[in-house]
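The lines below spell out each chain.
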Amino acid sequence: MQADVSRFDALLGTDFDGQPVSDVDDVIYEALDDPRHRERVPGLAGLLNDDSAVARERFLACVALTTWAEPAGYDAVIDAARDPEGAPWYDILIDRKFSVDNTFAQLSLAVGDSDDLAREKGTWEQRTEAFRALVRIADTEYFDEKLGDLLDLRTVAAVLPDIREVVARGTAELAACRSQRFDLATQLVDLAAALAPVNTTAAVSLAQDVLSQDAGHRPLIHAVAIVQRANTPEARRFADYLSAVGDDEVRARVKEAP
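Chemist: Even after reading the chapter, I still don't get the overall build of the chain, so can you show me in this structure?
Modeler: The secondary structure content of the chain amounts to 15 helices and zero strands. The C-alpha atoms of the chain give 20 Å as radius of gyration, which agrees with the globular expectation for 258 residues (18 Å, within 12%). Dimensions of the chain, computed from the C-alpha atoms along their principal axes, are close to 60 × 35 × 30 Å. Considering the chain as a whole, with its 258 residues, one finds that 52% of them fall into the buried category.

As structure tokens, this is what we get:
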């Protein structure tokens, strides 16, 4: 165990000038502007794939490698999405509101933060595939309102069919009136809203499908993002719909949209 702790401290508990840090995030994000992070990639990959290592340390190794746009990180995200509950770190982070796993929300943030390094390192395609894998489980795993907002326009265009598919599955789940572990309707609306600048028609159609099953306050509030992100006839008609079915706060937000 001590060897694992020492290895972890050397990789993520020490900055690139050799000074100890109290917050792993300091090292992870410092690396975005410091090429010396590349020297730690082999060690982190080894830690990530070490079945005997502490789950938290393996998870943070995955977060670091993913944020740094490394193939090993993206591959680990994709592997985790294939069998979410089988991921070695599943449930090490629990969302306070819904008491469900929060690790996929953090992994989606890591993929999102890797954009600049992915361009620099030529790993954009792997980044897209990692996002695709996460989108595909958005009807069953919780993303803490992160995933939809993290999808850049280039990625949205690439994963649009996957968004359509997962929103359709999630809508069918809502229609079946099964008890949900988290606010699935809002998460699906967020994914639909991500489409607005790329395909407003699809964004509105998918959001309306979700809202036809759950037109609660939070899904309606989040659906306003479509009106904010697109100035098209479809978006304006959707704004009228939201104003008609929403409460005063929804109507106020619609009016504030550009």
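There's plenty left to go through after this.
Chemist: Would you explain the packing of helix α10 (residues 153-175) against helix α12 (residues 200-211) in this entry?
Modeler: A pair of packed helices can be characterised by two numbers: the angle between their axes and the separation between those axes. Look at α10 against α12: their axes get within 9 Å of each other, and the N-to-C directions meet at 15°. Of the possible angle classes, the one that applies to α10 and α12 is roughly parallel. Note that α10 runs across α12; the crossing there is left-handed. Contacts between α10 and α12 involve Ile163, Arg164, Val167, Thr171 and Leu174 on the former and, on the latter, Ala202, Leu206, Asp209 and Val210. Among the residues forming the contact of α10 with α12, the class breakdown is six nonpolar, one polar and two charged.

Chemist: Just to check I follow, could you spell out the packing of helix α3 (residues 41-48) against helix α4 (residues 55-67) for this structure?
Modeler: With their axes 8 Å apart at the nearest point, α3 and α4 run at an angle of 140° to one another. One way to sum up the angle between α3 and α4 is to call them oblique. Classified by chirality, the crossing of α4 by α3 is left-handed. Across from Val41, Leu44, Ala45, Leu47 and Leu48 in α3, the residues of α4 making contact are Glu57, Arg58, Ala61, Cys62, Ala64 and Leu65. Among the residues forming the contact of α3 with α4, the class breakdown is nine nonpolar, no polar and two charged.

Chemist: Please explain the packing of aromatic side chains as it appears in this structure.
Modeler: How two aromatic rings sit relative to each other is set out by the distance from centre to centre and by the angle between their planes. Scanning the entire structure with this criterion turns up seven aromatic pairs. A centroid spacing of 6.4 Å and a plane angle of 55° characterise the contact between Phe104 and Phe143, whose relative ring orientation is tilted. Placement of Phe104 in helix α6 (residues 103-113) and of Phe143 in the loop between α8 (124-135) and α9 (147-150) is noted, with a sequence separation of 39 residues between them. We classify Phe143 as buried; its relative accessible area is 1%. When the centroid spacing of 5.5 Å and the interplanar angle of 50° are considered together, the rings of Tyr142 and Phe182 count as tilted. Remark: Phe182 occurs in the loop between α10 and α11 (184-194) and Tyr142 occurs in the loop between α8 and α9; sequence separation between them is 40 residues. Across this residue pair, the class does not change: Tyr142 and Phe182 are buried. Here the aromatic cluster, defined as three or more aromatic residues joined through ring pairs, consists of Tyr90, Phe104 and Phe143. Note that Arg127 overlies the ring of Trp124, its terminal NZ or CZ placed 4.4 Å from the centroid.

Procedures and definitions
Residues numbered from 1 in each chain as written. Predicted model: local features only at pLDDT ≥ 70, side-chain atom pairs only at ≥ 80, totals over all residues. Heavy atoms only, no water. Helix = DSSP H or I, 4+ residues; strand = E, 2+ residues; numbered from the N terminus. Rg over C-alpha atoms; globule rule 2.2 N^0.38 Å. Buried < 20%, exposed > 50% of the residue type's maximum accessible area, 1.4 Å probe, protein only. Axes fitted to C-alpha atoms, helices over the stretch in contact; angles between N-to-C directions. Parallel < 35°, antiparallel > 145°, perpendicular 65-115°, else oblique. Left-handed = near helix turned anticlockwise from the far one by under 90°. Contact = heavy atoms within 4.5 Å. Nonpolar A, V, L, I, M, F, W, Y, C, P; charged D, E, K, R; others polar. Phe/Tyr/Trp six-rings, centres within 6.5 Å; stacked < 30°, edge-to-face > 60°. Lys NZ or Arg CZ within 6 Å of the ring centre and 35° of its normal.

Coordinates in, geometry out; function isn't part of it.
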